[in-house]
Amino acid sequence: MRGFLTIAIVVALFAAVPLIVQSNVVLNFLVVTLMIALAGQGWNILGGYGGQYSFGHAAFFGTGAYVTAILQLHYGVNAWIGFAAGIAAGALAGAIIGGLAFRAGLRSSYFALVTLAFAEVLRILASVAPITGGGVGLLVKLDLRAQSFQFQSRAIFYLVILALLAVSMLIARFLERSRFGVWLIAVRENEDAAMALGVDTFAVKLGAMVLSAAITAAAGCFYVQYFLFIDSGIAYGTWISIEALLTPIIGGVGTVFGALVGALVVKSLGEGAKLVTGDVPGLDLMIYGAVLIMVIRFAPRGLVGALADAGARVARRFMPPRPPVREVVRG
Amino acid sequence: MLSPLILTTAVLNGLLTGAVYALVALGLTLIYGVLHIINFAHGALLSAALFAAFFAYQKLGLDPYIAAFLLAPAFFALGYCLQRFIIGPASHGDDRKMLLVTLGLAVLIENALLYAFRADTRTVDVAYGFKSIDFGFTFLAVPRVVAFVAVFGVALVLWLIMALTDTGKAIRAVASEKLGAELAGIDVAHVYAMTFGLGTACVAIAACLLIPTYYANPRAGEAFVLVAFTIVVLGGMGSVPGALIGGLVIGVVESLAGFFFGESLGQVGIFLIFIVVLLVRPRGLFGASA
């Protein structure tokens, strides 16, 4: 139960923020940060717990975003239903890409490449297809009512994305405690050994991929409702593939809070860089790249892992280990 | 309309483009063959090399073809240091971490270039930039023909290094049996770095061959590397002849697809080849095993 309690406390603390801060700039920053954390949590399910490093999670983010937007615009579907359909479409994309890639037995570099390629194909197709608005993109009609999933106040958007993130953290926590999660971690640690022990590695990886894609797609659906605009460069661009993997790796790969911690650190650094130098393109991403390398080099378990290690060190200093029991010399 | 002459020209131009693709892919496949990872920083390094070739011409007045003789060793050293001091130590011997570090380097280098030089596109104008050779039935641009010949020269030099030098033997030993090579006293970290250096030098030469007809831009390398991934997968990861033949094939396919279906769908064609090869025959046409 300890894990669930921690999640509840953290979410409650975050939920209290709009009571103290009313600044739109701060709330906007937090909304975007939590959205990236959600996309990252999706990646974390597959990459962090399952060890399958996707370099193309944009495929799911973009599919969720486009399906939400297209259903509302072209088919007059209610935004909430569009949102759910977007998540389902993302999960379906995950099932197709995962099914093909894992059936072909692609691992490591090959898996990274094939996910990247699918995202790129979708990006190019979305930039020419009429239904996605081609190069112009899609604008969702402004309709600030709760039933259209649009809110006047940023605070409500903030609470919505916080709730979505909370659900994803609960999923991660359940995963850690479930049989499926143990199989998934076994696949990460040694796929051949897991297979030899009777784990259906194909099914486990595919299940993780679908779950992972659905969570990242939810972030894409939210993007559309929040910004009311999507185009191929945003939906299927490399930026989201990179941010989705950056956040859990920096925060702590295969942990419940890694994506959240990573997103807060990365986005704060990016905004900090903008404050120092003005809005010069490139600097924020340059810092992300450098931080990614530094974290992998010096804190391979991410910031959450590094903190846990530091905590353990401090605890050892103040509570010295019990002296070894001396053998009584009988004479 | 569809005269065989136009078609032949399209094929020939495809072969010329394909040769430069092959050189970029050669660097990638060399690194894969030994380190068993895809170097995601390859594109960013190509962009950096294009800028280096541009500034060598602009500030020092060096002809790109002469600059190649300076940039190749410089980028060899850069690649060596990147692997020896950054990628190697950071990856803790885990392939997946190595992959991530090269991705981090790609993001870092590309955006450092964007920060320093903005998104402007820079071109050099050399005297021979627009000259072409008359082959009787068609004209081919001089810089592209030079590039074609030079690529095969570079491939020959690489083959000689691999076949005749001690470093080449050590690289081949590590590629085929890492643990055995280590036990035989080969410094694997050094061999990894040498290989990474050679791959990066390939990129520097490719940049010098490209700059007379292409441009320098922080994202210029990206387009080439996505194609190079396809070539490496098609030819078989780690296979040098595979990279050369794959490069030429993809060059022709792109040229013909662009000719028949237009530019952007031609690109989709390349990616579809890529995905199909990955899914159906991941070891490629010439690769030994996946």
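In this text the structure is predicted, and so the values were computed from the model without any measurement.

### Comments concerning the overall build of chain B
Consideration 1: A count of helices and strands for chain B gives eleven helices and two strands.
Consideration 2: Tracing chain B from N to C terminus, the helices and strands come up as α-α-α-α-β-β-α-α-α-α-α-α-α.
Consideration 3: Expected size for 290 residues packed as a compact globule is a radius of gyration near 19 Å; at 19 Å, chain B falls within 12% of this value.
Consideration 4: Per-residue burial over chain B gives 52% buried out of 290 residues.
Consideration 5: At a minimum sequence separation of 6, the contacts of chain B that also span at least 24 residues come to 77%.

### What to know about the overall build of chain A
Consideration 1: For chain A, the helix and strand inventory stands at 15 helices and two strands.
Consideration 2: The C-alpha atoms of chain A give a radius of gyration of 22 Å, which matches the 20 Å a tight globule of 331 residues would have.
Consideration 3: Seen through its C-alpha atoms, chain A measures out along the principal axes to roughly 95 × 50 × 40 Å.
Consideration 4: Taken over 331 residues, chain A has a buried fraction of 50%.
Consideration 5: Across chain A, contacts joining residues at least 24 apart in sequence account for 76% of those joining residues at least 6 apart.

### Concerning the environment of A:Y75
All names here are of chain A.
Consideration 1: Relative to the helices and strands, Y75 is located in helix 4 (residues 58-75).
Consideration 2: Judged by local crowding, Y75 falls into the exposed class, with 9 C-beta atoms found within 10 Å.
Consideration 3: Separated by 94 residues in sequence, Y75 and M169 place their C-alpha atoms 33 Å apart.

### A word on the confidence of the model for chain B
Atom-level detail of predicted coordinates should not be read off regions where pLDDT is low.
Consideration 1: Taken as a whole, chain B shows an average pLDDT of 88; of its residues, 97% reach a score of 70 or greater.
Consideration 2: Predicted complex, confidence summary: ipTM 0.89, pTM 0.89.

### Some details on the nonpolar core
Consideration 1: B:V24, B:A49, B:A53 and B:A207 are the most contacted members of the largest nonpolar core, which totals 215 residues.
Consideration 2: Leaving out residues up to four positions away in the same chain, B:V24 has contacts with B:L46, B:V203, B:A206, B:F224, B:V225 and B:A228.

### Things to note about the environment of B:A206
Residue and element names in this part refer to chain B.
Consideration 1: With respect to the element layout, A206 can be found in helix 8 (residues 188-210).
Consideration 2: The exposure class assigned to A206 is buried, which follows from the 32 C-beta atoms found within 10 Å.
Consideration 3: Each C-alpha atom of the pair A206 and A216 lies 13 Å from the other, and the pair is ten residues apart in sequence.
Consideration 4: Not counting the four nearest positions on each side in its chain, A206 is found in contact with V20, L23, V24 and L46.

### Considering the interface of chain A and chain B
Consideration 1: Counting residues at the interface gives 35 residues for chain A and 33 residues for chain B.
Consideration 2: Counting residues per element, the ones that place at least two in the side of chain A that touches chain B are helix 6 (108-128), helix 12 (238-251) and helix 14 (283-298) of chain A.
Consideration 3: Of the residues forming the side of chain A that touches chain B, the biggest block, 13 residues, is contributed by helix 6 of chain A.
Consideration 4: Across the side of chain A that touches chain B, the residue classes tally to 28 nonpolar, five polar and two charged.

### Let's talk about the packing of helix 8 (residues 179-189) of chain A against helix 10 (residues 201-227) of chain A
Residue and element names in this part refer to chain A.
Consideration 1: Relative orientation of the contacting elements helix 8 and helix 10 amounts to 105 degrees, with a least axis distance of 10 Å. Between helix 8 and helix 10, the angle falls in the class roughly perpendicular. Here F180, W183, L184 and V187 of helix 8 lie close against helix 10, whose contacting residues are T201, V204, K205, G207 and A208.
Consideration 2: Taken together, the residues that form the contact of helix 8 with helix 10 break down as six nonpolar, two polar and one charged.

### Side note on the packing of helix 5 (residues 79-103) of chain A against helix 10 of chain A
All names here are of chain A.
Consideration 1: Between helix 5 and helix 10, the least distance of the axes is 7 Å, while the angle of their chain directions is 145 degrees. Note on packing geometry: the crossing formed by helix 5 with helix 10 is right-handed.
Consideration 2: In the contact of helix 5 with helix 10, the residues fall into 17 nonpolar, nine polar and one charged.

### Overview of unusual backbone geometry
Consideration 1: For A:F149, which is not glycine, the phi dihedral falls at a positive 60 degrees.
Consideration 2: Along the chain, A:F149 turns up in the loop between strand 1 (138-139) and helix 7 (154-177).
Consideration 3: For A:F149, a count of 23 C-beta atoms within 10 Å translates into the label buried.
Consideration 4: At B:H36, a residue that is not glycine, the phi angle is positive and equals roughly 60 degrees.
Consideration 5: Note on B:H36: 16 C-beta atoms within 10 Å, which makes it partly exposed.

### What to know about helix 13 (residues 258-277) of chain A
Residue and element names in this part refer to chain A.
Consideration 1: When the terminal C-alpha atoms of helix 13 are compared, their 28 Å separation across 20 residues agrees well with the 28 Å that a helix rising 1.5 Å per residue should span.
Consideration 2: Along helix 13, the residues classified as buried are G258, A259, L260, V261, G262, A263, L264, V265, V266, K267, G270 and A273.
Consideration 3: Buried-residue contacts for helix 13 involve helix 3 (24-49), helix 7, helix 12, helix 14 and helix 15 (302-318).

### Looking at the confidence of the model for chain A
Consideration 1: Residues with a pLDDT of 70 or more make up 96% of chain A, whose mean pLDDT is 91.
Consideration 2: Within chain A, helix 15 of chain A has the poorest average pLDDT of any element, 86, and helix 10 of chain A the best, 97.

### Describing the environment of B:E177
Consideration 1: In this structure, B:E177 sits in the loop between helix 6 (166-176) and helix 7 (178-183).
Consideration 2: Each C-alpha atom, one on B:E177 and one on B:A116, is 42 Å from the other, the two residues being 61 residues apart in sequence.

### Topic: helix 5 of chain A
One turn of the α-helix equals 3.6 residues, which is why residues spaced by three or four share an orientation.
Consideration 1: End to end, helix 5 of chain A covers 35 Å across 25 residues, agreeing with the expected 36 Å (1.5 Å per residue, within 8%).
Consideration 2: Looking one or two places after helix 5 of chain A, you find A:G105, whose phi comes out positive at around 70 degrees.

Procedures and definitions
Residues numbered from 1 in each chain as written. Chains lettered and ligands numbered in written order. Predicted model: local features only at pLDDT ≥ 70, side-chain atom pairs only at ≥ 80, totals over all residues. Helix = DSSP H or I, 4+ residues; strand = E, 2+ residues; numbered from the N terminus. Rg over C-alpha atoms; globule rule 2.2 N^0.38 Å. Buried ≥ 20, exposed ≤ 12 C-beta atoms within 10 Å, placed from the backbone. Contact = placed C-beta atoms within 7 Å. pLDDT = per-residue confidence, 0-100. Core = buried A, V, L, I, M, F, W, Y, C linked by C-beta atoms within 7 Å. Nonpolar A, V, L, I, M, F, W, Y, C, P; charged D, E, K, R; others polar. Axes fitted to C-alpha atoms, helices over the stretch in contact; angles between N-to-C directions. Parallel < 35°, antiparallel > 145°, perpendicular 65-115°, else oblique. Left-handed = near helix turned anticlockwise from the far one by under 90°. Expected span 1.5 Å × (residues − 1).

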